[in-house]
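Breakdown of the fold
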Amino acid sequence: MLIKRREFLKISSLATASMLMPNFLKAMTLDQALNPNQNILIVLQFTGGNDGLNTIIPAKNDIYFRERKTLAIQDSIPLTDEAGINPSLSYFKELFDNGELSVMNNVGYPNPDKSHFRSMDIWQSASRSDQFLETGWLGRFLDEECYRCDHPTQALEVDDMLSLALKGENNKAFAFKDPTRLYQTSQEKYFRSLYDHHHDDETVSYLYQTLGSTINNADYIFEKSKAKKTEQIYPNSQLGKDFKTVASLIKSDINTQVYYLSIGSFDTHVNQNDRQKKLFNDINEAVKSFVADMKSNGLFNNILLMTFSEFGRRVAQNASNGTDHGTANQMFFISGNLKKKGILNALPDLQNLNDGDLIYKEDFRKVYATILKNWLKADSSKVLGWKDGIYDFV
């Protein structure tokens, strides 16, 4: 059976999705739905290194305005006497006032790496800066949960490719950008005809088998994604569409506890304010619609939305009205069930820098350990090997 190049590429794309997590496909056929009281984690990745100092603004700090003569945000929305938030994140101010937003400043890790790729690997794998892991922190969570669960704990990434964060040793998340597109591809006559195809080569045979599993379950994913139509209007941005997909799945009876999204690029070396404003507007409107959707369906208390970026930017602006790769940054936590609200710790210390960079105060792995133990009810020491305590904001 000869396969044309175009057909092979389409098979490869679909089969790649299916092989990312075979256990996910098996779980799709189970009658048991997600426990209505089960907590759900949504990770929103700010790809490219978001500038944290122009996100949560040290509004009373003279050093900030001196080092950023043209980039400093002059009209930040006040959160506290000392801190403001970028005006393009106006809905986050509303969440803050409602006690539905927590902010942790100065998050990073020892010996930070300023490479996008390496630093992102560190954040996604929860490794040390001198350690190279092939599994992600959420993938290892899946590995750990599957040993004591009746069926695998599920995770979905709304993207065409699976991130390292969701790759475990034995279990991986399932990545797809659009349930409708996945379904339409699976229904093409050519792919359906592969059901009965057999091949003597073991590797090729496995490819067809896993492809068949995806075909069998693509219609299930599609049906769940449109099972409960939302009346909530979402923005037409890509992030708005992604959050709408997540919302439709959360409201169905699909068994998924972790969702992973990303937006970027925040690599703002040139003309930073315009780029950041556009991205923040997209985030602001998408999150606003999503939270309204969850609240109207009585689900917001079971939702935790967490944001991160692989690093922050340097304190001083560069000559191109931008900022260069830095170190520590802040993280946002949004939920109707936060134990501690508001700004959780001190703003960055702009007087004590390391060669122009912020010095981290909070280790991101401690944040992950907190999420795993307090929100996902997992053994964080087994997933991360972290034994240095946790926070209490969730």
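A few points about helix 10 (residues 238-251)
Between the first and last C-alpha of helix 10 there are 20 Å, a value that for 14 residues agrees with the 20 Å anticipated at 1.5 Å per step. Judged by how many residues are buried, helix 10 sits mostly within the fold: 11 of 14 residues are covered. Those residues of helix 10 that fall on the buried side of the exposure criterion are Leu 239, Gly 240, Asp 242, Phe 243, Thr 245, Val 246, Ala 247, Ser 248, Leu 249, Ile 250 and Lys 251.

Structural notes on unusual backbone geometry
The omega angle of the peptide bond from Gly 264 to Ser 265 is 20 degrees, so this bond is cis rather than trans. Topologically, Ser 265 is positioned in the loop between strand 8 (258-264) and helix 11 (272-296). Even without a glycine there, the phi angle at Asn 106 is positive, about 60 degrees. Among the residues examined, Asn 106 registers a relative accessible area of 6% and is labelled buried. Phi is positive for Asp 355, close to 55 degrees, though the residue is something other than glycine. In this fold, Asp 355 is placed in the loop between strand 11 (342-343) and strand 12 (362-363).

Things to note about helix 12 (residues 364-375)
Relative to the 16 Å expected for 12 residues at 1.5 Å per residue, helix 12 spans 16 Å between its end C-alpha atoms, a close match to the ideal helical length. Judged by how many residues are buried, helix 12 sits mostly within the fold: 10 of 12 residues are covered. Considered for burial, the residues of helix 12 that qualify are Phe 364, Arg 365, Val 367, Tyr 368, Ala 369, Thr 370, Ile 371, Leu 372, Asn 374 and Trp 375. Downstream of helix 12 by one or two residues, Lys 377 has phi in the positive range, about 60 degrees.

What to know about the pattern of salt bridges
Evaluated as defined, the whole model comprises 14 salt bridges. One salt bridge connects Arg 128 with Asp 130, and the closest N-O pair in it is separated by 3.0 Å. On the basis of relative accessible area, Arg 128 is assigned to the partly exposed category, the value being 44%. The exposed category is assigned to Asp 130, whose relative accessible area is 56%. Of the charged contacts in the structure, one is a salt bridge between Lys 340 and Asp 392, with a shortest N-O distance of 3.4 Å. One end of the pair, Lys 340, is in the loop between strand 10 (329-335) and strand 11; the other, Asp 392, is in the segment after helix 13 (380-384), and 52 residues separate them in sequence.

What counts, and where the lines are drawn
- Residues numbered from 1 in each chain as written.
- Predicted model: local features only at pLDDT ≥ 70, side-chain atom pairs only at ≥ 80, totals over all residues.
- Heavy atoms only, no water.
- Helix = DSSP H or I, 4+ residues; strand = E, 2+ residues; numbered from the N terminus.
- Expected span 1.5 Å × (residues − 1).
- Buried < 20%, exposed > 50% of the residue type's maximum accessible area, 1.4 Å probe, protein only.
- Salt bridge = Lys/Arg side-chain N within 4 Å of Asp/Glu carboxyl O.

These figures capture arrangement, not role.
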